[in-house]
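As a plain string of letters, each chain reads:
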Amino acid sequence: MENKDNRNLEEEMDTASEAKAGEETAEAPRTEETAGADTDSSEGNGEGGEAGASENTQEDSEQAEDNSSVEKEGFFKKKKKDKKEEAFKVQIDELEDRIKRQMAEFENFRKRTDKEKAAMFETGAKSVIEKILPVVDNFERGLAAVPENEKDSAFVEGMNKVYKQLMTELDNMGVKPIEAAGQEFDPNFHNAVMHVEDEEYGENIVVEEFQKGYTYHDAVVRHSMVKVAN
């Protein structure tokens, strides 16, 4: 009976020993597979790390190139903008200078035109006055030839009024008679047609006026025709 129990105990021990050996045998391949997996994983991580590092370096390089391109583009744009602004400023200065020149030329033209108009008006007015002066002379001669007993007649008074009105309008226009009798001879205003020896008058004094002279705005329209004492 004891032998039987001992044999059963030995069998159980052998069975447990075989089971343990089987477990160790099963665990050994699993360990190799795990090591292989770990190796593959480390190799994968190494390759992946290198690839990731390479990709990051390439991305950084591309980013740097993009930034450099943007900076260069911005620099050239700024340079082009500065050149355009400078060109616009030059054009504006040229236009301002041209406008100033044209305005100065126009102002000179206006002044010159005004002077020419004034000169033309003066010339035309003098021409008209010269044609009217003989009429004035005839009025004066006619009134001077009226007898004393007819000076109060209506006709003579009417002619005298017309003569005075004519002289008033000429005076308003700027036509003034030149003083001659008793004045010193002035060739700018007097035209000496006769010389006489007269002790009553000083030398070079106008003795008599034959025809009255006139000025228009200080310009001589007609010289006075006079007799001068030597």
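Structural data are supplied above this passage.
Residues numbered from 1 in each chain as written. Predicted model: local features only at pLDDT ≥ 70, side-chain atom pairs only at ≥ 80, totals over all residues. Heavy atoms only, no water.

Visitor: Teacher, can you tell me more about the overall build of the chain here?
Guide: What the chain contains, in helices and strands, is two helices and six strands. Listing the helices and strands of the chain from first to last along the sequence gives α-α-β-β-β-β-β-β. When each of the 230 residues of the chain is scored for burial, the buried share is 13%. Residue pairs in contact within the chain that sit at least 24 positions apart in sequence constitute 62% of those at least 6 positions apart. By element, 52% of the accessible surface of the chain is carried by carbon and sulfur atoms, the whole surface being about 18300 Å². (Helix = DSSP H or I, 4+ residues; strand = E, 2+ residues; numbered from the N terminus. Buried < 20%, exposed > 50% of the residue type's maximum accessible area, 1.4 Å probe, protein only. Contact = heavy atoms within 4.5 Å. Areas by Shrake-Rupley, 256 points an atom, 1.4 Å probe, with all protein chains shown as cover.)

Visitor: I'm lost on a nonpolar patch on the surface in this one. Help?
Guide: Together, Val193, Met194, Phe210 and Met225 line one region of the surface with nonpolar side chains, adding up to about 320 Å² of accessible area. Here Val193 is to be found in strand β2 (residues 190–196). (Patch = residues over 30% accessible without salt bridge, like charges linked within 9 Å, V, L, I, M, F, W, Y side chains within 5 Å. Salt bridge = Lys/Arg side-chain N within 4 Å of Asp/Glu carboxyl O.)

Visitor: What exactly am I supposed to notice about the environment of Asn230 here?
Guide: As for its placement among the helices and strands, Asn230 is situated in the segment after β6 (224–229). Asn230 gets classed as partly exposed once you look at its relative accessible area, which sits at 40%. Placed 26 residues apart in sequence, Asn230 and Asn204 show a C-alpha to C-alpha distance of 5.6 Å. Among residues more than four places away in sequence, those in contact with Asn230 are His195, Val196, Glu197, Glu203 and Asn204.

Visitor: For this particular structure, what's the right way to read the sheet that holds strand β5 (residues 219–222)?
Guide: Note on sheets: strands pair through backbone hydrogen bonds, and any given pair is parallel or antiparallel. Strand order in the open sheet formed by three strands is β1-β4-β5, and the pairing between neighbours is antiparallel. With partners counted over all chains shown, the strands left at the sheet margins are β1 (175–177) and β5, one partner each. Taking each pair of neighbouring strands and ignoring which way they run, the sheet shows an average axis angle of 35°. In the sheet, β1 pairs with strand β4 (residues 214–216) via three bridges, with the strands oriented antiparallel. Within β4, the position partnered with Pro177 by the bridge is Tyr214. Along the sheet, helix α2 (residues 154–173) contacts β1 and β4; its crossing angle with β1, the most-contacted strand, is approximately 115°. (Pairing = 2+ DSSP bridges. Axes fitted to C-alpha atoms, helices over the stretch in contact; angles between N-to-C directions.)

Visitor: I tried to follow the packing of aromatic side chains on my own but got confused; where do I start?
Guide: Each aromatic ring pair is described using two quantities: the centre-to-centre distance and the angle formed by the ring planes. Enumeration over the complete set of coordinates arrives at one aromatic pair. The interplanar angle of 40° and the centroid separation of 6.2 Å between the aromatic rings of Phe139 and Tyr163 together place this pair among those described as tilted. Remark: Tyr163 occurs in helix α2 and Phe139 occurs in helix α1 (residues 2–144); sequence separation between them is 24 residues. Using a relative accessible area of 15% as the deciding quantity, one classes Tyr163 as buried. (Phe/Tyr/Trp six-rings, centres within 6.5 Å; stacked < 30°, edge-to-face > 60°.)

Visitor: Sorry, what's going on with the nonpolar core here?
Guide: When a protein is soluble and globular, its nonpolar side chains tend to lie buried together. Residues Ala125, Ile129, Leu133, Val136, Phe139, Tyr163, Met167, Leu170, Val175, Tyr214, Tyr216 and Val221 constitute the largest nonpolar core, which totals twelve residues. Mapped onto this core, the elements with two or more residues apiece are α1, α2 and β4. The leading source of residues in this core is α1, at five residues. Excluding anything up to four places from it in sequence, Val221 contacts Lys126, Ile129, Glu130, Leu133, Tyr214, Thr215 and Tyr216. (Core = buried A, V, L, I, M, F, W, Y, C linked by side-chain atoms within 4.5 Å.)

Visitor: Is there a simple way to think about the pattern of salt bridges in this case?
Guide: Oppositely charged side chains can form a pair if their charged atoms are brought close together. Taken as a whole and judged by the stated rule, the model has eight salt bridges. For Arg110, the salt bridge identified is with Glu107, shortest N-O distance 2.5 Å. Of this pair, Arg110 and Glu107 both sit in helix α1, three residues apart, which is roughly one turn of that helix. Accessibility expressed as a relative area gives 35% for Arg110, which makes it partly exposed. Note on Glu107: relative accessible area 29%, which makes it partly exposed.

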